[in-house]
Every structure is written in C-alpha cells, then in structure tokens.
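Single-letter residue listing:
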Amino acid sequence: MERDFYKIKKYFISLLGERWVSDNTKDTMYYNRDLWPREIIASKFGVFKNKPDLILWPKNEEEIVNIIKIANEHKLNIIPFGAGSGVCGATLPLSQGHNIIVDTKRMNKILNVDYQSLILNVEAGAIGYPLEIQLNNKGFTIGHFPSSIYCSTVGGWLASRSAGQESSRYGKIEDMVVSLRVITGHGEIIDTSEIVSSEISGDLNQLFIGSEGTLGIICSAGLSINYLPKFKTYSSFIFKNIEQGLSAIREMMQNDVGGSVIRLYDELDSYIALGHTKEKKEGLFKKYVENLNGDFSDIFLKRILSFPQLLNSLSQLITQGCLLIVLHTGNESEFVKYCQVKSHKIAEKYSGKNMGEEPAKKWERNRYSISYKQSKIFYAGGFVDTMEVATTWDKVAELYHEVKRVIQDKAFLMAHFSHAYQDGCSIYFTFAAKANNYNDAIKRYERIWKNILDVVLGLKATISHHHGIGVSKLEHLRKQLGEGTELFKILKRAFDPNNIMNKGKFFSE
Ligand SMILES: Cc1cc2nc3c(=O)[nH]c(=O)nc-3n(C[C@H](O)[C@H](O)[C@H](O)COP(=O)(O)OP(=O)(O)OC[C@H]3O[C@@H](n4cnc5c(N)ncnc54)[C@H](O)[C@@H]3O)c2cc1C
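About the criteria used
- Residues numbered from 1 in each chain as written.
- Predicted model: local features only at pLDDT ≥ 70, side-chain atom pairs only at ≥ 80, totals over all residues.
- Core = buried A, V, L, I, M, F, W, Y, C linked by C-beta atoms within 7 Å.
- Buried ≥ 20, exposed ≤ 12 C-beta atoms within 10 Å, placed from the backbone.
- Contact = placed C-beta atoms within 7 Å.
- Pairing = 2+ DSSP bridges.
- Helix = DSSP H or I, 4+ residues; strand = E, 2+ residues; numbered from the N terminus.
- Arc of directions from axis to C-beta.
- Axes fitted to C-alpha atoms, helices over the stretch in contact; angles between N-to-C directions.
- Domains from an automatic or database assignment.
- Nonpolar A, V, L, I, M, F, W, Y, C, P; charged D, E, K, R; others polar.

Caption draft 1: Quick look at the nonpolar core. Core analysis: the biggest nonpolar cluster contains 129 residues, and Leu56, Ile78, Ile218, Ile249, Leu324 and Phe431 have the highest contact counts within it. Beyond its immediate chain neighbours, meaning those up to four positions away, Ile249 contacts Gly258, Ile262, Leu264, Phe417, Ala420 and Cys425.

Caption draft 2: The sheet that holds strand β16 (residues 382-392), seen in detail. The strand order β15-β12-β14-β13-β17-β18-β16 describes an open sheet built from 7 strands, whose pairing is antiparallel. The open sheet has two edge strands, β15 (353-354) and β16, and neither has a second partner. Judged from the 2 bridges that link them, strand β13 (residues 261-265) and strand β17 (residues 412-420) form a sheet pairing that is antiparallel. Bridging across to β17, Leu264 finds its partner in Phe417.

Caption draft 3: Geometry of the pairing of strand β12 (residues 231-239). Most of β12 is tucked away, with 7 of its 9 residues classed as buried. One ladder, built from 9 bridges, connects β12 with strand β14 (residues 322-330); its direction is antiparallel. By the bridge assignment for β14, Phe231 is matched with Gly330. Judged from the 2 bridges that link them, β12 and β15 form a sheet pairing that is antiparallel. Looking across to β15, one finds that Phe237 is bridged to Asn354.

Caption draft 4: Focus on helix α5 (residues 128-136). Within α5 the residues assigned to the buried category are Gly128, Leu131, Glu132 and Leu135. Mapping the buried residues of α5 onto a view down its axis gives an arc of 100°, with all of them on the same face. Facing away from the buried side of α5, by more than 90 degrees, are the exposed residues Pro130 and Ile133. Where α5 is buried, its residues meet β6 (119-123) and β7 (140-141).

Caption draft 5: A look at the sheet that holds strand β10 (residues 216-224). If you trace the 5 strands from one edge of the open sheet to the other, you get β5-β6-β10-β8-β9, paired in antiparallel fashion. The two strands at the open ends of the sheet, each matched to only one other strand, are β5 (110-114) and β9 (189-191). Neighbour-to-neighbour, the strand axes of the sheet open up by a mean angle of 10°, direction not taken into account. Looking at chain direction, strand β8 (residues 177-184) and β10 are connected through 7 bridges and run antiparallel. For Val182, the partnering residue across the bridge sits in β10 and is Ile218. Helix-sheet contacts for helix α4 (residues 61-74) involve β8, β9 and β10, and the interaxial angle to β8 is about 45°.

Caption draft 6: Local environment of the domain arrangement of the chain. Assigned domains of the chain: these are domain 1 (2-106), domain 2 (110-227) and domain 3 (231-458). Taken together, the 7 residues of domain 1 in the interface contact 8 residues of domain 3. Within the side of domain 1 that touches domain 3, the residues separate by chemical class into 5 nonpolar, no polar and 2 charged.

Caption draft 7: Structural detail: the environment of Glu73. Note on placement: Glu73 falls in helix α4. Taking the C-beta count within 10 Å as the criterion, Glu73 has 12 such neighbours and is therefore assigned exposed. Considered as a pair, Glu73 and Ile500 are 427 residues apart in the sequence and their alpha carbons are 9.9 Å apart.

So, in structure tokens, the structure goes:
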C-alpha cells in the first residue's frame, strides 16, 4: 500500500512539478483543518487527528483532470481547498484511505470582464479582497463582502453558499452566479455557460453551489458585477428591544428601503458595538464587557467564561437598547437620499432614537476586523463560535429568545440580525464558554451546538444561512432534509460514482 502511494506521489510530482506536491509535516499540519472551532480547540490541546497525506497545488484545469483520473484509479479522497476559512470542518480529511488536498489558490486569474454585460469570469482560487480591488480600480464591484474577504476564495464562496455583508442589496453568492466550469468526480468538464438555462432545463449552477467539494472541483465562474456606487448614507438608531428593531427592518425591506447593509444588535452586542459612546459603564460588568470588546487579558476572560449564567444574567441589566445600523448606497444621490429618509420614517414609527452617522461609520471602519478578535478567547483557554441560522419574519424573535433560553446556563451568548430579506432574516449568534480539559471542552462545545440546532429544527427554521454544513451540521442537515437526502445521494452517484470527492461531507454516502 505504502509502495503504491509512493508511486502515486511520484506521478503527481511528474504532473505538477516537485514544488507543487507536498507531504512535508508543516504543510500536512497546516492543512489538517479549516477554522472550525471544534478543531481549533483540539489543536490548542495538542490533538491533531486528521492530517492529509498530500497537498497538491495545480495551476490549470488540465492538471485537475489528471489528478481526478488518478484519484479514480486509486480510490483517493480528493478535498478541494480554497483558503481554509470555512468554519464547519468542510475540508477535514476524513477518509480511512489516502486524503489528498487540492489547493486551488494558484488558479487565481481574472479570465475576462465583459463590461457591457457586467459579467466577470474568474478562476476559483482568486482571493476575495485583491479581486474586489482590481474591479474597484475599474469602477466596478462584485458586491460580495464576507467578513473573511481577506482569506476566502471564489471557489470557497460558491461551494459553501456564502453571503456578504451587503447581501440585502446584492444577494448571496448564488444570486450572482452566471456560469460555472466544474470538473466532476467522474473527470468530466461541465461548463454551464454552454447549457442554455430555460424553464425546462433549470439552473445547473445551483447543483454545484453549496456542494462543498463533494461533486467536483469548481475551476472558474462567471459572476455578475455592478457599477461601484457613488453615493452612500449612514444611519443608526436605538430601539427599546429587538422586537421593535425587527419590525422596523422588516418594514424597510418590504418597502425596498432596507439599504445595502442593515444590522440590528441585541442589547449585549449593542453595548459592545456602542463602545465609543461616553455613556457610563460601571462595575464588574463594565470590566468584563470591555474585555470582550477587544482589550482582552487572560485573567478576565478566564473568569468571564467560567460563569456564563452569571454573565448572561448581568447582561439582562443592560437597558441601553438595541442598535440598528443602515447603509444606503447607489448611483443616484436623490434616490439614495429618498431611501434614507423613508427608512428614518419607518424607524421613527417603531420609536427608534436617531443616533446619527457615527455608529454606522464605526461599523464600516471595523467591518473585516471584528471576527479576528475571537482568537484571543482561545488563547485564554476558552472557546468561541458563531452560528448563523435563519427563518421567516413570523418566527425570528421566537427563535432568538428560545436559543437564549436553552443556552443560558451553558455559554455566554449574544446575537445580531443581519442579512435581511423581504421574507425573513438571519440571526448570527456568538457564544463563548470554557472547559478545563480536551474531553470536557469538546463535550461542552458539542452539547451547545446540539441544543441550539435542536431548537432551530424544532421551529422549522434553517440551520445554516451562509457558513455551510461541513461536519458540524451534517447530522442536523440530514434530519432537516429527511427523505430528500436520497435525492442528493442520487446526484452524488451521477457526478462522483467512485465517491472520491470529499468523503464524509454533505453529499457523501
Ligand atoms: C473570520 C471569518 C469571517 C467569516 N465571515 C463570513 C461571512 O461574512 N460570510 C460567509 O459566507 N462566510 C464567512 N466565513 C466563512 C468562510 O469564510 C466561508 O465559508 C468561505 O466561503 C470559505 O471560503 P474558502 O475559500 O476559505 O473555502 P475553504 O474553507 O477552503 O472550503 C470551504 C468548502 O468549499 C470547498 N471548496 C473550496 N474551493 C472549492 C472549489 N474550487 N471547488 C469545489 N469545492 C471547493 C471545500 O472542499 C470546502 O468544502 C467567515 C470565516 C471566518 C474565519
């Protein structure tokens, strides 16, 4: 077996060149996980279970076709890899056989921009931020701004059904896709631009979006682009509670004045977001929350995380209200102004207190940095994770309160409501807790996830709005899909008959 694998490695070297094939320990350690917090906990306790056997960096489709051919012949497990910023374990090497990571980052070129039809054709390994800047320099934008824009790729966005911060205006990634070129697990090249989309044929792109590398490798994509907006307004309001804020967002979205960015924070998240105000924050709670707000010191964090129930109870004393920020953008200044004025009227109807521009501007200044502060909690011996669920307007508040209730004594919890639409909204929960050893930490972490997802399924809400499924939500996804799971298995057999693509994930048997 090892002799065979040595031959396979030699073959890959002859195919890609020595530099682009690695089984070096540093590389296999790095690629043993994505940013799924359960695996970050494991690495903090020195547990590294899932090292891949090889990492490959192909430069074009032809090399990928050959990789897939060898993988079929030798039943290798191929794991497509963008930038590894996924937070659900979707790139974890789980096969008992040989696990091969195929990192797409060398395939990062803009292939074409059709400025007349506003379509960008780009290779899948392109990282978000440099790509966006190249378009900005020409006066265009993709309109896709995930908080991970510095460290995620086009292929990763597509394979996990990503959402950017301006999804209320531009839609999620699946709304931007015009065409895809995919090499399936069978080794066939599918170019959806060659298949005329019609009422009868349906949209083939949607089969591959969200497939998490289990059907094939996305090599390039046609994405719709937009003129870079010339005008922008900033608004912020404080509402007495989340119910009033949610009513305001719903009405703004249903009257087309919700803006590009619309985010409502619960009391605790607002307290943190409004950290710049001169309002007094007294006592122990002040110390704790200021530490959560970025000025972390181990000792405080350790204390905070050891008493989630106490901290959750203290947070209920916050009476500052719930912050809403709204950014309107567009190319017609009068239209942008009109939307802002209309949204202010709606906010006033629900007793929103106008807080001016600064909280919204502050959000914009920090829009890509906030998530990275979480690493300090891991360094302090705790863990933190986020969960992005979604539901229709009639159940948003109920879902929020029910999750808070079941988690009250298990983790410190806060939330904001972003990605609003006409019919519903996503809730982004952040929870943090602590345990003294690896087994307790994993047990605690998994119990929190199970408790929350049980509530989500119980209310027939959606278990993932944009982070995807990976390993973390697989069990609940199967429950949610019920017999529908069989349909996905049929697709899997059609595109990947030998089951070589990303074993143990979404479409796997
Ligand atoms: C700090 C931080 C903030 C985040 N903010 C957001 C956010 O605002 N919005 C959001 O949607 N997500 C967010 N995420 C999650 C993550 O960034 C997204 O899921 C992103 O789309 C993953 O892209 P990636 O290139 O890193 O993919 P990876 O993590 O490398 O892979 C993700 C999945 O896609 C598959 N895959 C990757 N490339 C290909 C390809 N070419 N063909 C087929 N399959 C492929 C992999 O096999 C895996 O199943 C955040 C993560 C972090 C760490």
